[in-house]
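Observations on the three-dimensional arrangement
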Amino acid sequence: MKTGIINYIEDRIGERISVVPHGNGIVETESGKSYFLKRGNPSRAFSCEVKGLAELARGGVEVPEVILFGEDFILLQYIRNSTPTPTFYTRLGQMVAGMHRVTADKFGFYEDNYIGNNIQPNVAKGNEAVNWAEFYFDRRLNFQLSMAIENGYFRDMTASGLSRLEEAVYGLLSPVTEPPSLLHGDLWGGNYLCGRGDTPFLIDPAVYYGHRETDIAMTMLFGGFPQEFYMAYDQEYPLAEGWRKRMPLYQLYHILNHLNLFGSTYLRRAVDIMNTL
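Bear in mind that the values here come from a model prediction, so they are computed numbers and not experimental data.

1. Side note on the overall build of the chain
- In terms of helices and strands, the chain carries nine helices and eleven strands.
- Relative to the 2.2 N^0.38 estimate, which gives 19 Å for 277 residues, the radius of gyration of the chain is 20 Å and therefore close to what a compact globule would have.
- By its C-alpha atoms, the chain is 60 × 45 × 35 Å across when sized along the principal axes.
- Counting across all 277 residues of the chain, residues that qualify as buried make up 49%.

See below:
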């Protein structure tokens, strides 16, 4: 049965839709055109996604075209996902390196957005805008930790424990001198597509400007990308000295976010990272 969203889309694109997905999925029109439809509860998430995709496109990244969006849906160009080849991962590494060379004067973004279904605070306050360690501790780790405590985790964390974490953040990140880079923000294996001719596309961004190693840390979190990606990236834009020491700290943000999204499966890993910093 067609919904109000489908009727709205038909009116806007000027033709009838013959295949309607139950949830998120491929929409086909009677003339044979295909689109990808994402639906959800009314929120700002879809407008944030549109702005994030636009920011990536301005940074030279291939992204699906936004056809239509509303409060509770987004209709995108359908990219037929092919099996990636080594050439694809080389191109992906080059593209991500190029994206990271796009810089801004301040950390964060002009609006808060989402990482998964969780708010990602980006609007920097005071010194956070120019101090990466402060931004990362306040806008990333402390925000997720506060959410985790509300969700019933880390209730035994003392002020001294939080202070030790803050000291570790400043100790590891104060030496970072690179300017804020354009970041995808959630760069794992489920957020790229292999288009025609081994063309990489990035999807589902959580865009902001920050230290580029955070994107690389996310690529390594769930098994890592193929070596061709890292070799190409390193050839285009080598990482700074000490980057391996910073990887667990940058992965902690995503582990905490997964803890808040999916539950206690991620608690032990978060605790282990904090204990080793």
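Here the narrative resumes, following the displayed structure.
2. A closer look at the packing of helix H4 (residues 132-150) against helix H5 (residues 159-173)
- Contact geometry for H4 and H5: axes closest at 9 Å, N-to-C directions at 145°. Seen from above, H4 lies across H5 with right-handed handedness. Facing H4, whose interface residues are Trp132, Ala133, Glu134, Tyr136, Phe137, Leu141, Asn142 and Leu145, H5 presents Leu162, Leu165, Glu166, Val169, Tyr170 and Leu173.

3. Quick look at the sheet that holds strand E3 (residues 34-39)
- Spatially, five strands are ordered E1-E2-E3-E5-E4 in an open sheet, and the strand pairing comes out antiparallel. Each having just a single partner strand, strand E1 (17-19) and strand E4 (66-70) make up the two edges of the open sheet. With strand direction ignored, the average angle separating the axes of adjacent strands in the sheet is 30°.
- Examined bridge by bridge, strand E2 (residues 25-29) and E3 share four bridges and lie antiparallel to one another. Paired with glycine 25 across the bridge in E3 is leucine 37.
- Sheet strands in contact with helix H1 (residues 4-13) are E1, E2, E3, E4 and strand E5 (73-77), and its direction is about 140° off that of E3.

Here is what the cut-offs are and how they apply
- Residues numbered from 1 in each chain as written.
- Predicted model: local features only at pLDDT ≥ 70, side-chain atom pairs only at ≥ 80, totals over all residues.
- Heavy atoms only, no water.
- Helix = DSSP H or I, 4+ residues; strand = E, 2+ residues; numbered from the N terminus.
- Rg over C-alpha atoms; globule rule 2.2 N^0.38 Å.
- Buried < 20%, exposed > 50% of the residue type's maximum accessible area, 1.4 Å probe, protein only.
- Axes fitted to C-alpha atoms, helices over the stretch in contact; angles between N-to-C directions.
- Left-handed = near helix turned anticlockwise from the far one by under 90°.
- Contact = heavy atoms within 4.5 Å.
- Pairing = 2+ DSSP bridges.

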